[in-house]
Structures are given as C-alpha cells and as structure tokens.
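Chains, contacts and geometry: an overview
Residues per chain are reported as follows:
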Amino acid sequence: LAVQTGKFTKMLKIDFLPDAVCTIEPETLAVQTLNKRFKFSVSSIACGLPFLDNFIGKEDHARFRVALSKVKVSSSTECEAPCDQPAELPPSSDSDSTFTIIRDCDTLTSASRSDYPIWRRYDWSIATGEDGCFILSGRPVSDITAEKLASEKELMDFLNKAPIAMHWLSGTGHVLWANETELNVLGYTAEEYIGQPIMRFCPDEEKLVLEIFKTLGSGRTIKDVPVRFRAKNGDIKSLLIDSNVNWNADGTFKHTRCFIRDDTARKVREARLQERARAEAAVAEAKGRFLRKVFHEIRTPCHLLADAVAAFDPAADPAAADAAFAAIAAQ
C-alpha cells in the first residue's frame, strides 16, 4: 500500500507540471502514463502506442535513440561498474549525468481525439525513473499565433465535418485520427475508435487489410477497394476505401491518407437487382414449361390429321371424298 501510495503521489505531482510528461517502457518504447498537459497538448490516446513510431518525426528517430541509450547507460553507471559510452549526441542535444535534452524535435500532436493531427516542434528532456522506465518531458519551442490557431481550427472543422469519411493510420496500423463522418458511419465514439488497431474494426477482413498495407507500402494507391467493417451495434458495413501514403523525407512510411465511402446502399441495390433477375428467370422458365406442354397436347392430334390427309386419294369421286372427310372428322 505504501508503494502504491508513493506512486500515486508522484503521478499527482507530475500531473500538475507545466510541461507535457509521459513515461515509456524501456524495451518497446510504448507509452505507459501521461500527465494532463501531455493529454491536452500532445495526445490523449498515446497509452500503449510506441512513442517514436507514432509521435516523433522519422528524421529525429536516430538522435532520439542515441539520447535514450545515453540516459540508460548513465543511469546504470550510478549503480554498476562503468560501461562503454554510446555514440556522441548531435549538436542539437544537451545532456548531463542524469538527463538529456533533444531540441527542436518534430512531434505529432492532436490535442483531443477529434482534432486533426498537426506536426509541431518540441524540446524533449529524457530521464530514467526508479523502475527503469524513461521519463519524457516536452515543451513546444515555437509560439503559435492566434491567427494560426484560428486557421488550424477552421481546417479541422472542414475535415471533421466533410461529407466523406477520412482517417489516418500509423505505421503500426493504429488509428491516429478519424473525422466525425467516419465515427457516425460506424457508430463509435472517438474514445472507442481513435488509438485502436484498425484490424479490431474489420476482423473478418484480416487478409485483405494486410494485402492493402502491402500494396500501400509498395508506393501504390488503392481505389474503390471493398472492405467490410463491423459497426458498434454489430452490423456489417460495406465500405469502399481509397488510400495512399504520406512518406517521410527518407522514403519511409509516415501515415496513410484514407478516404471511405459507405457502399451499403449500392450493395442493397445490387442484391435487389439480382433477386429481381432470379424471379424473372423463374417466371420465364415456368412459361416455357407451360408452352412446351400445350404444344405437346396440340402436336399429337395434328400428327394424326396429317397422316389421314396424306392417305386421302384426291382422284376419288365426290361421294367417296365426303365419306373420307367424315371418317377423319370422327377420329
């Protein structure tokens, strides 16, 4: 209880720091905890996501990893024998024996789940916690004017309320952002949808989704690809996806740009047309059977009449002809 109380007290203190603070797992670099400032200024969906892959620009990955390695080594040398030092930090980084600062780092921010992701420049200081996790503290390095905020807000409103569903997927397949239209189509809230693996919402299409990622990863654009999504109420939604990839400067995957249209109405129309075609084919077959039966009933007596007429001798006298026709009529 004392240990848990101590952790709660530390988190309470971190929660009220003016900087964006999070802790990340040392091996996977997945985000573990966030303070209020981080949720408000960077992202409220970061927990469980790899920090570098989802929130740091690809160009800054190398120096970020060097800084993490240096902090980890510095922390271990306080308790153990000295070990080899990692590569030198670039000039845009500062450090001492307990922490390192990565300056002017490209950081993906989305203040709320409904906000469009925007890249901003942050300084990140890195230290290690008592449990071995990394503690990151970020601060924006450029002022954002009221005019720029207003312009960004107008763009966010335009995208969120667009008449077509849109979303971003990270390189790990997680939903970084989705507009209100997509959330309404599937019936999820932002908290239930954004930050989750996209595979969770189309469990019946795992092979197709993997094939889509393979196609996008090869640099191609996909158009009108039908994918079945599972809505919150359990219904299957037939959607058409157009997508391509936003690449980093070094040619690596940054995020997807997906545009989605509800294909349910077209599927319903096609099903109705197919059902109508089947019904018309059944009616035509029934008519054919009826006509074949009627013609069969007519054909038999006609054959008898033809045989009788063929046997009639046109040279016979009128009385014989009348008798022959009377015999035919009797038959």
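Quick note: structure is the one above.
Residues numbered from 1 in each chain as written. Predicted model: local features only at pLDDT ≥ 70, side-chain atom pairs only at ≥ 80, totals over all residues. Heavy atoms only, no water.

Some words on the side chain of Ser137
Using the following cut-off: Comment: elements are numbered from the N terminus, with helices defined as DSSP H or I runs of at least four residues and strands as E runs of at least two. Summary of the burial criterion: residues with accessible area below 20% of their type's maximum are buried, those above 50% are exposed, and those between are partly exposed, where the area comes from a 1.4 Å probe applied to protein chains only. The definition of a polar contact used here is a pair of N or O atoms within 3.5 Å, where within protein one atom must be able to donate a hydrogen and the other to accept one, and adjacent residues in sequence count solely through side-chain atom pairs. Only heavy atoms enter the contact rule, under which two residues are in contact if any of them lie within 4.5 Å.
Of note, Ser137 is situated in strand β6 (residues 134–140). What makes Ser137 buried here is its relative accessible area of 16%. A distance of 3.4 Å separates a polar atom in the side chain of Ser137 from a polar atom in the side chain of Asp19. What Ser137 contacts, discounting residues up to four positions off in sequence, is Asp19, Ala20, Val21, Asp123, Trp124 and Ser125.

Topic: the environment of Thr221
Topologically, Thr221 is positioned in the loop between α8 (206–217) and β9 (222–230). In this structure, the C-alpha to C-alpha distance between Thr221 and Asn244, residues 23 residues apart in sequence, is 4.8 Å.

Section: the packing of aromatic side chains
In plain terms, the rule: To pair, rings of Phe, Tyr and Trp, with the six-membered ring standing in for Trp, must have centres within 6.5 Å; the planes then decide the type, stacked if under 30 degrees apart, edge-to-face if over 60, and tilted in the middle.
Counted under the stated rule, the structure contains 9 aromatic pairs. Judged by centre distance (5.6 Å) and plane angle (20°), the ring pair of Tyr122 and Trp124 falls under stacked. When sorted by exposure, Tyr122 lands in the same class as Trp124, which is buried. An angle of 20° between the planes, with centres 5.8 Å apart, marks the rings of Tyr188 and Tyr193 as stacked. Exposure remark for Tyr193: the relative accessible area of 0% places this residue in the buried category. Put simply, the rings of Phe38, Phe51, Phe55, Phe64, Tyr122 and Trp124 touch in pairs and so form one group of aromatic residues.

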